[in-house]
Amino acid sequence: MKSFTFLSIVSLLLLSNLLFAQATQSISGTITDKQSGYPLIGTNIMTLGLENELGTSTDENGFFRLENLPIGRVALEVSYLGYEPAILSNLQLTSAKELVVNLQLAESINELSEIVVKANSDKRKAINTMATVSTRTFSVEEAGRYAGSFGDPSRMAQNYAGVASASDDRNDIIIRGNSPMGVLWRLEGINIPSPNHFSVLGTTGGPVSMLNINNLATSDFMSSAWSADYGNATAGVFDLKMKNGNNGKREYVGQIGFNGFELGVEGPFVKDKNASYIANYRYSTLGVFKTLGIDFGTGAAIPEYQDLTFKLNFPTKDKGAFSVFGIGGFSDISFLAKDLKEGESNLYSNGQQDIINGSKTGVVGASHTYFFDKNTNTKVTVAASGVVSSLQVDTFDIDLNNKGNFLYYDQRQYKYSADIKFNKKLNARQHYSIGLTNDLFRVKNIDSIWTGTQFYTRLDNDELLNLLQGYVNYQHRLSPKTTLNLGIHGQYFGLNNTHTIEPRFGIKYAAAKKQSINFGLGMHSQLQPLNFYLWESEGQQSKQPNKDLDFSKSIHSVLGHDWSFGGNMRLKTEVYYQYLYNIPVDTLASSYSMIKEGASFFTPNRTGLNNDGTGQNYGIELTLEKFFTKGFYFLTTGSFFKSRYTGSDGIERSSYYDSGFVMNGLVGKEFNLNKKMVLSVDSKVVYAGGRRYTPIDLAASIAAGEQVVQKTGIFEKQYDPYFKIDFKVAFRLNGKHISQLWSVDLTNLTNHKNLFAEEYDATKKEIGRVYQRGLFPNILYQIYF
């Protein structure tokens, strides 16, 4: 009885805290110069629209904190003498987590300028000041808000113009018809391997992201003609920033959902000091989903994974700022033939194979930023990363008698990176930056396959490879209306002494107060997957016939128009053309091209290639958007494009990624039920061209006992268009010290059958169909305290 009474009292106290306590929160952050990054001391920050307005100013580190703000949506006005002011609207304050706002202000080059930059239009302005075209800034709130995104930056980017999904089972993205292999991932200024579970060398996506949005700050996504500080990419760039932990108080987060069980903590090392930490750990929950009967496309197999993300920040008074960061994860899954039921299929295997797959990925780094004066700084970063990917495939006959091991590989790639960047602001109009990066790779591969009579070792090596990159960027604000960006990027690959020089150009002209015309032009180059250079082949003069392959190259040109109207509306149009060359193709005449690779769990293993392949992508993209205001937003995008390539047979064809069009529509509404309760509803509709494919030759497949495709009509056929509706509803409850969120995200709400692939079924001697993921509910619970 006493125990019951005690629990009742505790429950009543908790309920009282949630429902009746007056909840307030703080906003903190730093204000810096946009060109130099130097803290702006004495910047004024004022609230807007509150009954009792509050204000403060930044300290010697550019840091500010506003306290005792009512929870909900708030707005800030930020101003500093001689700089263009900014208004930050619709900032979301919850009761248990302090909001961090970091803002860059541009020095005015016109004393009479009265430009006000609204934050809900800030997605037009990249964090990277050198970006001119095809760049979108995304926030943590967006990654968590959009239906069907699962808190994954890659899946969130699929809502943007020019971006398509390769399939439901993976988060690879197709940007303007390019292979996902051409995407660059950058974290804290360092190029990193694919930050996904079950990743494979030579790919940039995976089924589940290792990135934790609770650790990310606002970041940039670029889809074409990026500035010279990015290299070794031809399709797109994710430039990710990690946020610093709260340096004022300790905060915790707990979460359970599709991405896993999660626990996180952040706070100061010592109270009233600036040093802070943040760390989040996740463990997979898909075993729970499988128990509930939810199908996520893997049949009876259950993916297991876990990951850890962290950042430590140590600012000092006169020795600069130091930080240590890291991300790492483990994953494994086993597809067993005996577990596949009659008539059952999945997206990864058939009933005549055991597939055992595992991967490990990790990145750890440290950086030091130092200001020589308010206009001059350097940033030095060192990092180590590694990827280990293993696969074993055992085959069975139709009676499930083990025929033996068919394929085995263990691929390891370790990288040791050093990067230095020097940035100089000459004046309000001009600044430049110079950078140098060296990547030392250690590549270890064991790869063997059963040829029918014996095991053939295709790869068994342990080699050191080196890639050196450097760049120069220069920006000149010619007038308040015109900004010019120039740059050049260079790369040198030590294995075969190949190099590339890549000029970049961008210009932006503000044709009217709320309209701008933008143009970007640049050359971009990328190495082939490193293990691709090391493939060994019998019967050829060279032991490593791919060793001398050059960089793949692409020339990007983009013309865009950006128009803001109605206070919170935006219409953006871009037309583009990309010419791809130096693409690896077969030496003998064939339709093969490396352009088709990059969206699977396997690394290309062809030999006997040269760089004679070409390709081209061209199209138009439209974005109509209402930024989040008054609890409402929408985003509509339309992309219409062609993607063509030419193999060594000299025939131009549609590429594997030439789906033709992608259209997205997103809409969301937030309802304030009272001061502590918020209900939000979000929906997404996607309609896109179907996947390209080459028809199966049924007669040849029956004769061979395995799938054989037709020798003509390569990628001429196309599956029916892809259609999907996602719907999400979320409820937030703010107490005095606790904030809780419940959400249900229903992907493929109508359970529409989107065809993934046609496959030959050797048991039935017929062509079967495998469909993409059906209705999938992602139930999420999150608590901040």
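So, how was this worked out
- Residues numbered from 1 in each chain as written.
- Predicted model: local features only at pLDDT ≥ 70, side-chain atom pairs only at ≥ 80, totals over all residues.
- Heavy atoms only, no water.
- Helix = DSSP H or I, 4+ residues; strand = E, 2+ residues; numbered from the N terminus.
- Contact = heavy atoms within 4.5 Å.
- Polar contact = N/O pair within 3.5 Å; in protein donor to acceptor, adjacent residues only side chain to side chain.
- Salt bridge = Lys/Arg side-chain N within 4 Å of Asp/Glu carboxyl O.
- Buried < 20%, exposed > 50% of the residue type's maximum accessible area, 1.4 Å probe, protein only.
- Pairing = 2+ DSSP bridges.
- Axes fitted to C-alpha atoms, helices over the stretch in contact; angles between N-to-C directions.
- Phe/Tyr/Trp six-rings, centres within 6.5 Å; stacked < 30°, edge-to-face > 60°.
- Lys NZ or Arg CZ within 6 Å of the ring centre and 35° of its normal.
- Core = buried A, V, L, I, M, F, W, Y, C linked by side-chain atoms within 4.5 Å.

Caption draft 1: Highlighting the environment of Ser 227. By secondary structure assignment, the location of Ser 227 is in the loop between strand E17 (219–222) and strand E18 (236–240). A C-alpha to C-alpha distance of 9.6 Å links Ser 227 and Tyr 471, two positions 244 residues apart in sequence. Sequence-distant contacts of Ser 227, defined by excluding residues within four places in its chain, comprise Asn 128, Met 130, Asn 473 and Arg 504. Here Asp 229 takes part through its side chain, which lies 2.4 Å from a polar atom of the side chain of Ser 227.

Caption draft 2: Geometry of the pattern of salt bridges. Taken as a whole and judged by the stated rule, the model has 31 salt bridges. Between Arg 73 and Glu 141 there is a salt bridge, with its nearest N and O atoms 3.0 Å apart. Taken together, the residues Arg 73 in strand E5 (residues 72–79) and Glu 141 in helix H2 (residues 140–145) connect sequence positions 68 residues apart. A residue is classified by how much of its surface remains accessible, and Arg 73, at 24% relative accessible area, is partly exposed. Note that Glu 625 and Arg 136 form a salt bridge whose closest N and O atoms lie 2.8 Å from each other. Of this pair, Glu 625 sits in strand E34 (residues 609–629) while Arg 136 sits in strand E10 (residues 135–138), placing them 489 residues apart in sequence. Taking the relative accessible area as the measure of exposure, Arg 136 reaches 8% and is therefore buried.

Caption draft 3: Fine view of unusual backbone geometry. Positive phi is not limited to glycine here, since Asn 748 has a value of about 55°. Mapped onto the secondary structure, Asn 748 falls in the loop between strand E42 (739–747) and strand E43 (755–761). Positive phi, normally seen in glycine, also occurs at Lys 765, with a value near 55°. Relative to the helices and strands, Lys 765 resides in the loop between E43 and strand E44 (766–771).

Caption draft 4: Examining the sheet that holds E10 more closely. A sheet is described by the order of its strands in space; here five strands give the open sequence E10-E17-E18-E13-E14, paired in mixed fashion. Each edge of the sheet is formed by a strand with only one pairing partner; in this case those strands are E10 and strand E14 (190–192). When the angles between neighbouring strand axes are averaged without regard to direction, this sheet yields 25°.

Caption draft 5: Quick peek at the packing of aromatic side chains. Taken as a whole and judged by the stated rule, the model has 26 aromatic pairs. Measuring from centroid to centroid gives 5.7 Å for Tyr 579 and Tyr 581, while their planes differ by 20°, and the two rings are stacked. On the basis of relative accessible area, Tyr 579 is assigned to the partly exposed category, the value being 34%. Every member of this aromatic cluster is reached through a ring pair, and the members are Phe 138, Tyr 160, Trp 185, Phe 221 and Phe 238. Just above the ring of Tyr 592 sits the side chain of Arg 606; from NZ or CZ to the centre is 3.8 Å. Over the face of the ring belonging to Tyr 771 we find Lys 753, whose NZ or CZ atom lies 5.1 Å from the ring centre.

Caption draft 6: Molecular detail of the nonpolar core. The biggest cluster of nonpolar side chains holds 31 residues, and the ones touching the most others in it are Tyr 160, Phe 221, Phe 238 and Leu 240. Breaking this core down by element, the ones donating at least two residues are helix H3 (153–157), strand E12 (173–175), strand E13 (183–187), E14, E18, strand E23 (321–335) and strand E35 (632–646). A per-element tally of this core places E13 first, with three residues. When residues no more than four places from it in sequence are discounted, the contact partners of Phe 238 are Phe 138, Pro 153, Ser 154, Ala 157, Ile 173, Val 183, Leu 184, Trp 185, Arg 186, Asp 220 and Phe 221. Within the second largest apolar cluster, 25 residues are counted, among which are Val 443, Leu 534, Phe 551 and Tyr 592.

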